[in-house]
Amino acid sequence: MGKGLFITFEGADGCGKSTQMNLLARYLKDNGHEVVLTREPGAKGLGEKVREILLNYDGEVSDRCESFLFLADRAQNIDIIINPAVEEGKIVLCDRHIDSTVAYQGRGRGLDIERIKMLNDLAVNGRKPDLTFVFDIDVETSMKRVGKDKDRMESAGIEFQNRVRKGYLELAKQEPERIKVIDASKSIEEIHLSVVKLINSVL
Ligand code: TYD
């Protein structure tokens, strides 16, 4: 049995991280690894219902309520999907995780970052990503990629997205060992090569 790994993909909306996650999954499978894909919000099962509320509910949602919904989905993802797979020696790739809550609810919405980190700790119950990619891109380019059909979070505005981006870069400075910033303005193939290089350093 191989060593289990937990890897997260982060970045502002439209940064291309989901494409890169799928490319990496294929690369790892081709190299004989067992790979599990998951995402937040929207861990399989109950998480899909939480995702529906978070992205599509059109009534008022308080910032604290929003945070707790993301955290509830996270706890479920950790307990039901991530921990069992890592313990079986699989490689788990997760589209968004703890750093999203710091960047979006902390920097973006303006909630206290230390408190968000504390709540994240409760939600993950000791499990931390072994490696995190932050796909960094300027907000105008990423918003063009998202297009007109925006969900509730994507509709929060350019200033919000700029704060989110800054939030990620601050986190990467605080935890340079875990968080690797990748220039997401490059071509899909170039970005994939950078991701593979970093992955091979932890495999
Ligand atoms: P999603 O469609 O998954 O966006 P993307 O494809 O860009 O990942 O929507 C997730 C949205 O939820 C995204 O705008 C980021 C936001 N989010 C938070 O605000 N806090 C969180 O803790 C998480 C996990 C996501």
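Residues numbered from 1 in each chain as written. Predicted model: local features only at pLDDT ≥ 70, side-chain atom pairs only at ≥ 80, totals over all residues. Heavy atoms only, no water.

J.: With reference to specific residues and values, describe the packing of aromatic side chains.
T.: According to the stated counting rule, one finds 4 aromatic pairs in the structure shown. Aromatic side chains Phe 9 and Phe 135 sit 6.1 Å apart centroid to centroid with 10° between the ring planes, which places their arrangement in the stacked category. Residue Phe 9 is located in strand E1 (residues 5-11), and its partner Phe 135 is located in strand E4 (residues 131-136); the two are separated by 126 residues in the primary sequence. An identical accessibility class is assigned to Phe 9 and Phe 135; each is buried. Between Phe 133 and Phe 135 the ring centres are 6.1 Å apart and the planes differ by 40°, which places this aromatic pair in the tilted class. (Phe/Tyr/Trp six-rings, centres within 6.5 Å; stacked < 30°, edge-to-face > 60°. Helix = DSSP H or I, 4+ residues; strand = E, 2+ residues; numbered from the N terminus. Buried < 20%, exposed > 50% of the residue type's maximum accessible area, 1.4 Å probe, protein only.)

J.: Could you give me a rundown of the side chain of Lys 90, with the residues and numbers involved?
T.: The residue Lys 90 is located in the loop between helix H3 (63-87) and strand E3 (91-95) in this model. Leave out the neighbours within four places in its chain, and Lys 90 touches Gly 4, Leu 5, Glu 34, Val 36 and Ala 85. (Contact = heavy atoms within 4.5 Å.)

J.: Mind laying out the nonpolar core, listing which residues take part and the relevant values?
T.: Counting 20 residues, the largest nonpolar core has Ile 7, Phe 9, Leu 24, Leu 93, Phe 133 and Phe 135 as the members making the most contacts within it. Where this core is concerned, the elements lending two or more residues are E1, helix H1 (17-30), E3, E4 and helix H8 (188-202). Among the elements that line this core, the one with the most residues is H1, at 4 residues. Once you skip the residues sitting within four places of it in the chain, Leu 93 turns out to touch Ile 7, Phe 9, Met 21, Leu 24, Ala 25, Leu 28, Val 35, Val 36, Leu 37 and Thr 38. (Core = buried A, V, L, I, M, F, W, Y, C linked by side-chain atoms within 4.5 Å.)

J.: I'd like a description of the side chain of Glu 154, backed by residues and values.
T.: Structurally, the position occupied by Glu 154 is in the loop between helix H6 (139-146) and helix H7 (158-174). Residue contacts for Glu 154: discarding those within four places in its chain leaves Asp 13, Met 143, Val 146, Asp 149 and Gln 161.

J.: I'd like to hear about the site of the ligand, residue by residue, with values.
T.: Around the ligand, the structure places 16 residues, and the nearest of them are Asp 13, Lys 17, Arg 96, Thr 101 and Gln 105. A distance of 2.7 Å separates an oxygen atom of the ligand from a polar atom in the side chain of Asp 13. The contact in question runs from an oxygen atom of the ligand to an N or O atom on the side chain of Thr 101, over 2.6 Å. Calculation on the ligand without its partners gives an accessible area of 540 Å², and the protein chains cover 91% of this total. Contributing elements (two or more residues each) for the shell around the ligand: helix H2 (46-56), H3 and helix H4 (98-108). For the shell around the ligand, the leading source of residues is H4, giving 4 residues. Broken down by class, the residue content of the shell around the ligand amounts to 5 nonpolar, 3 polar and 8 charged. (Near = heavy atom within 4 Å. Polar contact = N/O pair within 3.5 Å; in protein donor to acceptor, adjacent residues only side chain to side chain. Areas by Shrake-Rupley, 256 points an atom, 1.4 Å probe, with all protein chains shown as cover. Nonpolar A, V, L, I, M, F, W, Y, C, P; charged D, E, K, R; others polar.)

J.: Please provide a residue-by-residue account of the pattern of salt bridges, values included.
T.: The final tally for this structure, using the stated rule, is 13 salt bridges. Residue Glu 88 is joined to Lys 90 by a salt bridge in which the shortest nitrogen-to-oxygen separation is 2.8 Å. Judged by relative accessible area, Glu 88 falls into the partly exposed class, the value being 43%. Judged by its relative accessible area of 18%, Lys 90 falls in the buried class. Note that Arg 107 is salt-bridged to Glu 170, the shortest N-O span being 2.9 Å. (Salt bridge = Lys/Arg side-chain N within 4 Å of Asp/Glu carboxyl O.)

J.: Would you mind going over H1 in detail, with residue names and values included?
T.: Under the 1.5 Å per step criterion, the end-to-end length of H1 is 20 Å for 14 residues, consistent within 8% with the ideal 20 Å. Turning to H1, its buried residues number three or more, namely Lys 17, Gln 20, Met 21, Leu 23, Leu 24, Ala 25 and Leu 28. On its buried face, H1 sits against E1, strand E2 (35-39), E3, E4 and H8. Of the residues one or two after H1, Gly 32 is the one with positive phi, at around 85°. (Expected span 1.5 Å × (residues − 1).)

No statement about biological role is implied by the geometric values presented.
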